[in-house]
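What follows is the residue order along each chain.
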Amino acid sequence: MHIDPLEKKWAQIVLAICALFVGIIMIDALFHGVNAPSNVETIDSAKLHLSEEFAEDNLGVQVDANGDITVRMVAGRYSFFPKKIAVPAETKLTFRWVSIDVLHGVHIPMTNMSTMIVPGFVAQIETSFPKPGNYPVLCNEYCGLGHDHMWSKIDVVEKDQWIAPQISSTGVKE
Ligand SMILES: [Cu+2]
């Protein structure tokens, strides 16, 4: 079979590029710990309201016995719940996100918060807000006709002015 030398050269270049990309992905995954943004924790999205952790009155900001702050939020067409929360600036926060229906994303400008919220999984991200202010929480995965209106707000207040909404002596229910 005859292959034109020029065509052969281009085919080799394309194969080399593919090998390079696969190589980069493998090195990142195996040596740099770059993985899908989830701690691979599963949950039944249809039964969130019955789950202990993501039941309605357990959502929002919670401080455990060690003073660690966890924020639990549910994404659903078309909002993030709770709609508005307040957290302290310059403090480590652990966000735990779940979807109640379809694939959503969450993006908070000026932070490292950008992850998919895949139904059936808990997406966990640690972040902190360097400055007080009003931050929008936006959905960045197209999820339906109301996608453009899917957002909520995070009020970031000065560390010393923040009042913990709820302190449980036993720690957060898991
Ligand atoms: Cu969405």
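Not measured: the values here are computed from a predicted model.

1. A look at the overall build of the protein
Logical step 1: Looking only at helices and strands, the protein has one helix and 11 strands in total.
Logical step 2: Going from the N terminus to the C terminus, the protein shows its helices and strands as α-β-β-β-β-β-β-β-β-β-β-β.
Logical step 3: Since a compact globule built from 174 residues should have a radius of gyration of about 16 Å, the 21 Å found for the protein marks it as more spread out than a globular shape.
Logical step 4: Projecting the C-alpha coordinates of the protein onto the three principal axes gives extents of approximately 75 × 35 × 30 Å.
Logical step 5: Split into buried and exposed, the 174 residues of the protein put 20% on the buried side.

2. Concerning the environment of Arg72
Logical step 1: Assignment of secondary structure puts Arg72 in strand β3 (residues 69-76).
Logical step 2: On the neighbour-count criterion, Arg72 (22 C-beta atoms within 10 Å) is buried.
Logical step 3: Each residue touching Arg72, except ones within four places of it in the same chain, is listed here: Glu53, Phe54, Asn58, Leu59, Gly60 and Arg96.

3. Remarks on the environment of Phe81
Logical step 1: Tracing the sequence through the fold places Phe81 in strand β4 (residues 79-81).
Logical step 2: In the structure, Phe81 is positioned 40 residues away from Phe121 in sequence and 17 Å away in space, judged by C-alpha atoms.
Logical step 3: Aside from chain neighbours lying at most four places away, what touches Phe81 is Leu59, Met73, Val74 and Gly76.

4. Some details on the domain arrangement of the protein
Logical step 1: Split by domain assignment, the protein resolves into domain 1 (1-35) and domain 2 (41-161).
Logical step 2: Just the C-alpha atoms count here: the centres of domain 1 and domain 2 sit 38 Å apart.

5. Structural notes on the nonpolar core
Logical step 1: Core analysis: the largest hydrophobic core is formed by 27 residues, its most contacted members being Met73, Ala75, Val87, Trp97, Val106 and Ile117.
Logical step 2: Among the secondary structure elements, those contributing two or more residues to this core are β3, β5 (84-88), β6 (93-99), β9 (121-127) and β11 (151-157).
Logical step 3: Among all residues touching Ile117, those that are not within four sequence positions of it are Ala75, Trp97, Val98, Ser99, His104, Gly105, Val106 and Ala123.

6. Overview of helix α1 (residues 5-31)
Working note: α-helix, 3.6 residues per turn, so residues spaced by three or four point in the same direction.
Logical step 1: An ideal rise of 1.5 Å per residue puts 39 Å on 27 residues; α1 measures up with 38 Å between its terminal C-alpha atoms.
Logical step 2: Counting buried positions along α1 gives zero out of 27 residues, so the element sits mostly on the surface.

7. As for unusual backbone geometry
Logical step 1: In the segment running from Arg77 into Tyr78, the intervening peptide bond is cis, with an omega of -5 degrees.
Logical step 2: Within the element layout of this structure, Tyr78 appears in the loop between β3 and β4.
Logical step 3: Of note, the bond from Phe81 into Pro82 is cis; its omega dihedral lies within 30 degrees of zero at -5 degrees.
Logical step 4: Position of Pro82 relative to the elements: it lies in the loop between β4 and β5.
Logical step 5: The phi angle at Met110 is positive, at roughly 70 degrees, despite the residue not being glycine.

Rules behind the numbers
Residues numbered from 1 in each chain as written. Predicted model: local features only at pLDDT ≥ 70, side-chain atom pairs only at ≥ 80, totals over all residues. Helix = DSSP H or I, 4+ residues; strand = E, 2+ residues; numbered from the N terminus. Rg over C-alpha atoms; globule rule 2.2 N^0.38 Å. Buried ≥ 20, exposed ≤ 12 C-beta atoms within 10 Å, placed from the backbone. Contact = placed C-beta atoms within 7 Å. Domains from an automatic or database assignment. Core = buried A, V, L, I, M, F, W, Y, C linked by C-beta atoms within 7 Å. Expected span 1.5 Å × (residues − 1).

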